[in-house]
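Notes for the structure review
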Amino acid sequence: ETLASSCCVFISLEGGPNTLEELKMAATNNLTVLPVARFEGASANFASQAARPDFCSRSHWQVLTDKESDRKLLTETVKNLVRSVIGRESTAIDC
């Protein structure tokens, strides 16, 4: 619960049942959740159920949710999305 209420961007790699609950709680609290499905577990489970955020292009979402995504492309995608979120939210909250 603490993690889901104390961050600007929630990046999820793998995870078990507790991680899945944190992801759901973060999404319920309108936090930005970036589930990386390549690493399986709760992240892949959440990615298969989650809707693509408005700020995230279809191609970026595809990279996040594809279990076979190239690691370099995945790294660049996550980095760009985090920058986008922080830039978008920095005027509203303290990131």
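Keep in mind that what you see is a predicted model, and the values were worked out from it rather than measured.

Some points on the side chain of S43
- When you line up the elements, S43 lands in helix α2 (residues 41-49).
- When residues no more than four places from it in sequence are discounted, the contact partners of S43 are S12, L13, E14, L23, P35, V36 and A37.

Observations concerning the pairing of strand β2 (residues 32-36)
- Counting buried positions along β2 yields five of five residues, so the element is predominantly enclosed.
- Of the two faces of β2, the one lined by T32, L34 and V36 and the one lined by V33 and P35 are each fully buried.
- Examined bridge by bridge, strand β1 (residues 9-13) and β2 share five bridges and lie parallel to one another. Considered in β2, the bridge of I11 is made with L34.
- Running through helix α1 (residues 17-28), the crossover from β1 to the neighbouring parallel element β2 is right-handed.

A few points about the confidence of the model for the protein
- When pLDDT is averaged across the protein, the result is 84; 86% of the residues are at 70 or more.
- Taking the mean pLDDT of every element in the protein, the minimum, 87, falls on β1 and the maximum, 94, on helix α3 (residues 58-65).
- Overall, residues 91-95 carries pLDDT values under 50, and its contacts beyond four positions in sequence, including any with other chains, amount to five contacts.

Some thoughts on the pattern of salt bridges
- Scanning the model with the defined rule gives two salt bridges in all.
- K67 is paired through a salt bridge with E40; the nearest N and O atoms lie 3.6 Å apart. With K67 in the loop between α3 and α4 (71-89) and E40 in the loop between β2 and α2, the pair connects residues that are 27 residues apart, well separated along the chain.
- The salt bridge partner of K79 is E76, with a shortest N-O separation of 3.2 Å. Here E76 and K79 lie together in helix α4, a separation of three residues that amounts to about one turn.

Calculation rules
- Residues numbered from 1 in each chain as written.
- Predicted model: local features only at pLDDT ≥ 70, side-chain atom pairs only at ≥ 80, totals over all residues.
- Heavy atoms only, no water.
- Helix = DSSP H or I, 4+ residues; strand = E, 2+ residues; numbered from the N terminus.
- Contact = heavy atoms within 4.5 Å.
- Buried < 20%, exposed > 50% of the residue type's maximum accessible area, 1.4 Å probe, protein only.
- Pairing = 2+ DSSP bridges.
- Right-handed = clockwise from strand over helix to strand, strands pointing away.
- pLDDT = per-residue confidence, 0-100.
- Salt bridge = Lys/Arg side-chain N within 4 Å of Asp/Glu carboxyl O.

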